[in-house]
Amino acid sequence: MTSSARPLLNRRLAEFGTTIFAEMSALAQRTGSINLGQGFPDTDGPEAVREAAVRALREGHGNQYPPGPGVPELRTAIVEHQRRRYGLSYDPDQEVLVTAGATEAIAAALLALLEPGDEVIALEPYYDSYAACIAMAGGTRVPVTLRPAAAPGGESGQGHFALDLDELRAAVTPRTRLILLNTPHNPTGTVLTRAELAAVAELACERDLLVITDEVYEHLVFDGAEHIPLASFPGMRERTVTIGSAGKTFSFTGWKVGWITAAPGLVAAVRSAKQFLTYVTSGPFQYAVAEALRLPDSYFDGFRADHQAKRDLLSAGLAKAGFGVFRPAGTYFVTTDIRPLGVSDGFAFCRALPERCGVVAIPNAVFYDHRDQGAPFVRFAFCKRTAVLEEAVARLTSLAA
Ligand SMILES: Cc1ncc(COP(=O)(O)O)c(C=O)c1O
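About the thresholds
Residues numbered from 1 in each chain as written. Predicted model: local features only at pLDDT ≥ 70, side-chain atom pairs only at ≥ 80, totals over all residues. Helix = DSSP H or I, 4+ residues; strand = E, 2+ residues; numbered from the N terminus. Rg over C-alpha atoms; globule rule 2.2 N^0.38 Å. Buried ≥ 20, exposed ≤ 12 C-beta atoms within 10 Å, placed from the backbone. Domains from an automatic or database assignment. Contact = placed C-beta atoms within 7 Å. Nonpolar A, V, L, I, M, F, W, Y, C, P; charged D, E, K, R; others polar. Arc of directions from axis to C-beta. Near = placed C-beta within 6 Å. Pairing = 2+ DSSP bridges. Axes fitted to C-alpha atoms, helices over the stretch in contact; angles between N-to-C directions. Parallel < 35°, antiparallel > 145°, perpendicular 65-115°, else oblique. Left-handed = near helix turned anticlockwise from the far one by under 90°.

## Description of the overall build of the protein chain
At step 1: Broken down by element type, the protein chain carries 14 helices and 15 strands.
At step 2: Against the compact-globule benchmark of 21 Å for 401 residues, the protein chain has a radius of gyration of 21 Å, which places it among compact chains.
At step 3: C-alpha extents for the protein chain along the principal axes are approximately 60 × 55 × 50 Å.
At step 4: Considering the protein chain as a whole, with its 401 residues, one finds that 49% of them fall into the buried category.

## Digging into the domain arrangement of the protein chain
Accessible area lost on assembly of the parts is the figure often given for the size of an interface.
At step 1: Partitioning the protein chain into structural domains gives domain 1 (20-45 + 298-400) and domain 2 (47-297).
At step 2: Each of domain 1 and domain 2 was reduced to a C-alpha centroid, and the two centroids are 24 Å apart.
At step 3: Between domain 1 and domain 2, the residue contacts involve 37 residues of the former and 38 residues of the latter.
At step 4: Only helix H11 (297-320), strand S11 (324-326), strand S12 (333-337) and helix H13 (371-374) provide two or more residues apiece to the side of domain 1 that touches domain 2.
At step 5: Across the side of domain 1 that touches domain 2, the residue classes break down as 16 nonpolar, 13 polar and eight charged.

## Regarding helix H14 (residues 386-396)
At step 1: All of the buried residues along H14 are Leu389, Ala392 and Leu396. Projected onto a plane normal to the axis of H14, the buried residues spread over an arc of 60 degrees and lie on a single side.
At step 2: Packing partners of the buried residues in H14 comprise strand S1 (34-35), H11, helix H12 (346-357) and strand S13 (359-360).

## Quick look at the site of the ligand
At step 1: Among the 13 residues in the neighbourhood of the ligand, the closest are listed as Gly101, Ala102, Thr103, Asn186 and Ser245.
At step 2: Here the shell around the ligand gets three residues from one element, more than from any other, and that element is helix H4 (residues 101-113).
At step 3: Of the residues belonging to the shell around the ligand, the class tally is three nonpolar, nine polar and one charged.

## Regarding the environment of Ser245
At step 1: Here Ser245 shows up in strand S9 (residues 240-245).
At step 2: With 25 C-beta atoms packed within 10 Å, Ser245 lands in the buried category.
At step 3: Taking the C-alpha atoms as reference, Ser245 lies 9.4 Å from Ala105; in sequence the two are 140 residues apart.
At step 4: Non-local contacts of Ser245, meaning those with residues more than four positions away in its chain, are made with Gly101, Ala102, Val216 and Gly258.

## Quick word on the sheet that holds strand S14 (residues 362-363)
At step 1: Spatially, the four strands line up as an open sheet ordered S11-S12-S15-S14, and their pairing is antiparallel. Each edge of the open sheet is held by one strand with a lone partner, namely S11 and S14.
At step 2: Sheet analysis places S14 next to strand S15 (residues 377-381), joined by two bridges and oriented antiparallel. The partner of Ile362 across the bridge, within S15, is Arg379.
At step 3: On top of the sheet, H11 reaches S11, S12 and S15; it is set at about 15 degrees to S12, its chief contact.

## With respect to the packing of helix H3 (residues 72-86) against helix H10 (residues 283-293)
At step 1: Two elements in contact, H3 and H10, have axes whose closest approach is 8 Å; the angle formed by their N-to-C orientations is 25 degrees. One element, H3, and the other, H10, form an angle in the roughly parallel class. Where H3 crosses over H10, the two elements pack in a sense that is left-handed. In this structure, H3 contributes Glu73, Leu74, Ala77, Ile78 and His81 to the contact, and H10 contributes Gln286, Tyr287, Val289, Ala290 and Leu293.
At step 2: Classifying every residue of the contact of H3 with H10 gives seven nonpolar, two polar and one charged.

In structure tokens form, the structure reads like this:
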């Protein structure tokens, strides 16, 4: 401990404290609650992929430092995946970088591309690492708030948060360096429409902005809709850093294998930052993820269908329990409105919920700079076994009484 009055934590990080996930997971443990707070699956991904990791370990693939950009097998598989799913072509040697999960990709991209004082536009509510990484890079975040466009559980049963394109345009200033986008969007479950993405692309080109697009839930888009990568819009390939993650797509969140695809200059810049963060990670797992990305379409279709059924189960259960439900178009989260339950403070509600009925959820306000905008919203994760979701629904139903 120093004797100086100066705080140990530097001022860029001072506002962030401990994440809500740590607090809520501890609460879940203490109360024996079902944890629908944090977004991790409670079953592992495909057995063949797990076996591929075991094989890589045994055969000595990746047990020593892998190459900085990622092992060639994985970079090639990423390129094939982008071509097969979206018709996008990338050079595996110059236009791909493997990272320690999407988390490192976000950090390295922001550290590489920002100068202190640059402004970053991000869609609020946002994934919590965005604000911290923008701060670490010395940037200034400029939130553009997604707002409910339809009442929860409206006629179609589908809630939706919309991007106000005029607000987005008005947020751009001469200091804006980049837009940090996330679709499918955590926590709202919104999938930006083709028209919204086209407008973002047009704005980025017109104002000469870079875009970092976090597409880790690309394979979790429901009701027959398709994920559309921003990089596929005219003028965007050369100004977009696209982020993917094996953790989300193959249910191995602990392996921390993520990646970016982008034009050579952008990849080189992000690699410059990444090399001093982790240098390399996840050696043997990289080989396994290369195999995973080559799984047949039936895997991806089954993954999506399984989560769609879980979305429907949890959404219906939450509605029955009295929540306003924004049934998500993508991701494995459902955002709810607690006001129909007669309360409006999501923090207080989530802190009390484990004692009241043995379920943990996350107050969406933690994802907002404008906390009042997110106050009545609460997020539940449905990447859990059906039996666990059924039990959670049974417990939550007691709230309706
Ligand atoms: C929107 C979003 N981006 C990135 C991540 C982090 O991904 P990874 O586990 O690959 O680091 C998450 C994890 O919850 C997320 O929800």
